[in-house]
Amino acid sequence: MKITILGGPGSGKGTLGSLLAEHLSIKHISLGHVLRQSKNADVIKTITAGQLVSDETAIETLQAYLADNRIDDFIIDGYPRTLNQAKMLDATINKPDVAIYLNVSTDILESRLVTRLTCACGAIFNLISKRPALNYICDVCKQELSLRLDDTVDTIKDRISIFERNIDGILDFYDMQARENVLLTIDASQNIDTVFRVVMQQIETITR
Ligand SMILES: [Zn+2]
């Protein structure tokens, strides 16, 4: 099964992706990881400079990565980010069987991001929907957690507004596809355990 997880920054895409990958035994990838593994020197140069690659480069790099690593089934989060990218992905053999949209209001996204806690080990928590078991201590590695300093209120608002400008086109596109059940819209204002349970139930319904 090929799954894409769509949602704004702070919607829980990465966390849901990891949980689904573990329970469905499907590889979890992100476009950022795929680009960093690229064998194309130009791609590496672009991302090292902190620039965005073109939509064409993104899809070509993703296709090459999946083919080289013989990956048939995957979960990708944060891609596609635009309608154009969604159309391009759909034109390949890697078009998603399921697109999961984590629907969260702007207010909730903002409040989650300003209360986001990150750990050096890569784990991410926030004080609202995914609290660590012990205050400010990582559940995974037990190190002390810190608030993310790059998440200023302005950059958070920018990231959310870019997302919101693009998401409706993507959702309409998946909604209008002839194949059934391609789009699952999930209320992701709930905590991540609940979101995960709901998504698993829906996926089981589809695959039954
Ligand atoms: Zn940790």
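Here's a quick rundown of the structure. (Residues numbered from 1 in each chain as written. Predicted model: local features only at pLDDT ≥ 70, side-chain atom pairs only at ≥ 80, totals over all residues.)

A word on the packing of helix α5 (residues 83-90) against helix α7 (residues 153-175)
Interhelical geometry of α5 versus α7 gives an angle of 30° and a closest axis separation of 8 Å. When the axes of α5 and α7 are compared, the pair comes out roughly parallel. Every residue of α7 that contacts α5 at Leu83, Ala86 and Lys87 is listed here: Asn166, Gly169, Ile170, Phe173 and Tyr174. Looking at side-chain class alone, the contact of α5 with α7 contains five nonpolar, two polar and one charged residues. (Axes fitted to C-alpha atoms, helices over the stretch in contact; angles between N-to-C directions. Helix = DSSP H or I, 4+ residues; strand = E, 2+ residues; numbered from the N terminus. Parallel < 35°, antiparallel > 145°, perpendicular 65-115°, else oblique. Contact = placed C-beta atoms within 7 Å. Nonpolar A, V, L, I, M, F, W, Y, C, P; charged D, E, K, R; others polar.)

A look at the packing of helix α6 (residues 106-114) against α7
Between α6 and α7, the least distance of the axes is 10 Å, while the angle of their chain directions is 140°. The angle between α6 and α7 falls in the class oblique. Judged by the twist between their axes, the crossing of α6 over α7 is right-handed. On the side of α6, the interface is formed by Thr106, Leu109, Glu110, Leu113 and Val114, while α7 contributes Val153, Ile156, Lys157, Ile160 and Glu164. Considered class by class, the residues forming the contact of α6 with α7 number six nonpolar, one polar and three charged. (Left-handed = near helix turned anticlockwise from the far one by under 90°.)

A word on the nonpolar core
Judged by nonpolar contacts, the single largest core of 38 residues is most densely connected at Ile100, Leu102, Ile186 and Val199. Broken down by element, the residue count for this core peaks at five residues, all from strand β4 (residues 98-103). The contacts of valine 199, once residues within four sequence positions are left out, are Leu16, Leu20, Ile100, Leu184 and Ile186. (Core = buried A, V, L, I, M, F, W, Y, C linked by C-beta atoms within 7 Å. Buried ≥ 20, exposed ≤ 12 C-beta atoms within 10 Å, placed from the backbone.)

Observations concerning the sheet that holds β4
With parallel pairing, five strands are arranged side by side in an open sheet as β2-β3-β1-β4-β8. Looking at the sheet topology across the chains shown, the edges are occupied by β2 (27-30) and β8 (183-187). Between one strand and the next, the sheet's axes are offset by a mean angle of 20°, whatever the strand orientation. Pairing analysis gives four bridges linking strand β1 (residues 2-7) to strand β3 (residues 74-77), with the strands arranged parallel. (Pairing = 2+ DSSP bridges.)

Honestly, that's just the spatial picture; any functional story needs more than this.
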